[in-house]
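Spelled out from the first residue to the last, the chains are:
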Amino acid sequence: LPAHRDPELFSKDLHFDEVPVRIYLPREPPAGKRRGVIFFHGGCGIFGSISKELEEKIYSSTSQTMSVITAALVPGRYGLSPEHKYPAQTLDCLTATLHFLKAAENYGVDPERVIICGDSVGGTFATSICQELVSRRDTPKIRAQVLIYPFLQALDFSLPSYQQNAFIPFLSRERTVHFILKYLQKDCSLKEAVLAGSHVPQSTTLKYRKWINPDLIPETFKVGYTPPLPTSFLPQVHEETKELFKTRISPLLAGDAVVCCLPDTCIITCEHDVLRDDGLLYKKRLEDNQVKVIWHHMREGFH
């Protein structure tokens, strides 16, 4: 695709505390303080970095359109696995976010009107960062989070959306777990056990059933769903994949004391996407905790 350049926009490559970013700003001086968006790209944490060429061909049009609307957009370029070991990606995103919140006025941005946005694993990072910032008192509050088909839990890979879209390109059920293990630099031979749920102790399943449960998915999304057969718990697999139970990988596991303090949220889900139900479950959690949610569902969309 040819690169698209908007003559009304200015872009510049910068570093926010050593994290590379690209900032888009309208060339026309603002009448007042701008709104701002911090954007984290997808790619399973192992590819899809917003290099100059990739950004211009894939993300640039979206970024520039959003810049016109929001006045300032900052795509972050977090380090990728395996060169940058987990959780370096989340930490890079957090570092860039904190820097921008503290320096927002240098770019004509109102620090009280900053949105964090991300797609796919970028949505995971955005979710995780908003959760981590809940307890911070040294930075302005995030105004809103925009989560575009985010990955939010690694406990249940048999939810209705995983069954219905198991073989849908680009992100099949098998490939999802493969990418997660690659991202965490784990042995991919664990894939079948994780897909079967053998990494989850029964006590953990029971503990989080109130949040991760097919019964919480609206019936209209459960056509053809079959409850999976029970599987044996494999302690050695659990030991190798403990990171899957951390909120940086599975933000759906965050406690209500955190979730109730999250900012206004926009969640975008796609019908033909294994991650659809993650978004639906998080939507319910936020609403149950009185967080304002706007939900857009793309009935013909896929990941």
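Because the structure is a prediction, the values reported are computed rather than measured.

In this section: helix α3 (residues 121-133). End to end, α3 covers 18 Å across 13 residues, agreeing with the expected 18 Å (1.5 Å per residue, within 8%). Among the 13 residues that make up α3, 12 are buried, leaving the element largely enclosed by the rest of the structure. What α3 keeps buried is the set Val121, Gly122, Gly123, Thr124, Phe125, Ala126, Thr127, Ser128, Ile129, Cys130, Gln131 and Leu133.

Let us look at the UniProt feature "domain: Alpha/beta hydrolase fold-3" (unreviewed entry) in the protein. If you check UniProt for "domain: Alpha/beta hydrolase fold-3" (unreviewed entry), the listed places come out as residues 37-186 and 243-303 in our numbering. Along residues 243-303 the backbone is 28% helical and 31% strand, and the end-to-end C-alpha distance reaches 24 Å.

Taken as a whole and judged by the stated rule, the model has 16 salt bridges. Close ionic contact of Glu239 with Lys242 constitutes a salt bridge, the shortest N to O distance being 3.2 Å. Residue classification places Glu239 among the partly exposed residues on the basis of a relative accessible area of 48%. The residue Lys283 makes a salt bridge to Glu287 at a minimum N-O spacing of 3.2 Å. Taken together, the residues Lys283 and Glu287, both in helix α10 (residues 276-288) and 4 residues apart, mark about one turn of the helix. For Glu287, a relative accessible area of 35% translates into the label partly exposed. Three or more residues joined by partner-sharing salt bridges are found here, namely Glu271, Arg276 and Asp277.

What follows is about α10. Under the 1.5 Å per step criterion, the end-to-end length of α10 is 19 Å for 13 residues, consistent within 8% with the ideal 18 Å. Buried residues along α10 sit in contact with α3, β6 (144-148), α4 (160-164), α9 (256-259), β7 (264-272) and β8 (293-302). Backbone geometry just after α10 places Gln290 at a positive phi near 60°.

Assignment of secondary structure puts Thr176 in helix α5 (residues 173-183). Judged by relative accessible area, which is 4%, Thr176 ranks as buried. At a separation of 2.7 Å, a polar atom in the side chain of Thr176 contacts the main-chain carbonyl oxygen of Ser172. Once residues within four sequence positions are removed from consideration, Thr176 is found in contact with Phe151, Tyr162, Leu171 and Val274.

Within a sheet, neighbouring strands are paired by backbone hydrogen bonds and run either parallel or antiparallel to one another. Across the sheet, 8 strands lie side by side as β1-β2-β4-β3-β5-β6-β7-β8; this open sheet has mixed pairing. If you trace the sheet from one side to the other, it starts and ends with β1 (9-16) and β8, each paired once. Mean inter-strand twist for the sheet, computed between neighbouring axes without regard to direction, equals 20°. Pairing geometry for β7 and β8, over 7 bridges, is parallel. The residue bridging Ile267 from the neighbouring strand is Trp295, located in β8. Here α3 sits on the sheet in contact with β3 (34-40), β5 (109-119) and β6, set at roughly 140° to β5. Docked against the sheet, α10 engages β6, β7 and β8, running at close to 150° with respect to β7.

This model, assessed by the stated rule, comprises 0 disulfides. Of all cysteine sulfurs in the structure, the one in Cys188 sits closest to Cys44, which takes part in no disulfide; the separation is 12 Å. We note that Cys270 lacks a disulfide partner, and the nearest cysteine sulfur, in Cys266, lies 12 Å from it. The class of Cys270 is buried, set by a relative accessible area of 5%.

What follows concerns unusual backbone geometry. Excluding glycine, residues mostly carry a negative phi; peptide bonds, for their part, are mostly trans. Cis rather than trans, the peptide bond between Tyr86 and Pro87 has omega equal to 5°. In this fold, Pro87 is placed in the loop between β4 (73-76) and α2 (88-103). Note that the residue after Pro169, namely Phe170, is joined by a cis bond; omega there is 5°. With respect to the helices, strands and loops of the structure, Phe170 is situated in the loop between α4 and α5.

On to the pairing of β1, then. If a strand is regular, its side chains alternate between the two faces of the sheet. Across 8 bridges, the pairing between β1 and strand β2 (residues 19-26) is antiparallel. Bridging across to β2, Leu9 finds its partner in Pro26. The turn joining β1 and β2, which pair antiparallel and follow one another in sequence, is formed by 2 residues; a positive phi near 50° is taken by Asp17.

About the thresholds
Residue positions are counted from 1 within each chain, in the order its sequence is given. Restriction of local features to residues with pLDDT of at least 70 applies here, the model being predicted, together with a cutoff of 80 or more for giving and counting side-chain atom pairs; totals for whole chains, interfaces and linings are based on all residues. Excluded from the side-chain calculations are hydrogens and water; all other atoms, namely the structure's heavy atoms, are used. Secondary structure elements follow DSSP: runs of H or I no shorter than four residues count as helices, runs of E no shorter than two count as strands, and numbering proceeds from the N terminus. Here a helix's expected span is defined as the number of its residues, less one, multiplied by 1.5 Å. Exposure is judged per residue with a 1.4 Å probe applied to protein chains only, and the accessible area is read against the type maximum: over 50% gives exposed, under 20% gives buried, and values in between give partly exposed. UniProt positions are given in the numbering used here, feature names are shortened, and annotations may be inferred rather than shown by experiment. Salt bridges are identified by distance alone: a Lys or Arg side-chain nitrogen within 4 Å of an Asp or Glu carboxyl oxygen. Here, two residues are considered to be in contact whenever any of their heavy atoms come within 4.5 Å of each other. N or O atoms within 3.5 Å of each other form a polar contact, as long as, within protein, one can give a hydrogen and the other can take it, and as long as residues adjacent in sequence are counted only when both atoms are side-chain atoms. At least two bridges found by DSSP between two strands is the condition for calling them paired. Angles here are taken between N-to-C directions and fall from 0 to 180 degrees, while the axes themselves are lines fitted to C-alpha atoms, restricted in helices to the stretch in contact. Only a pair of cysteine sulfur atoms within 2.5 Å qualifies as a disulfide here.

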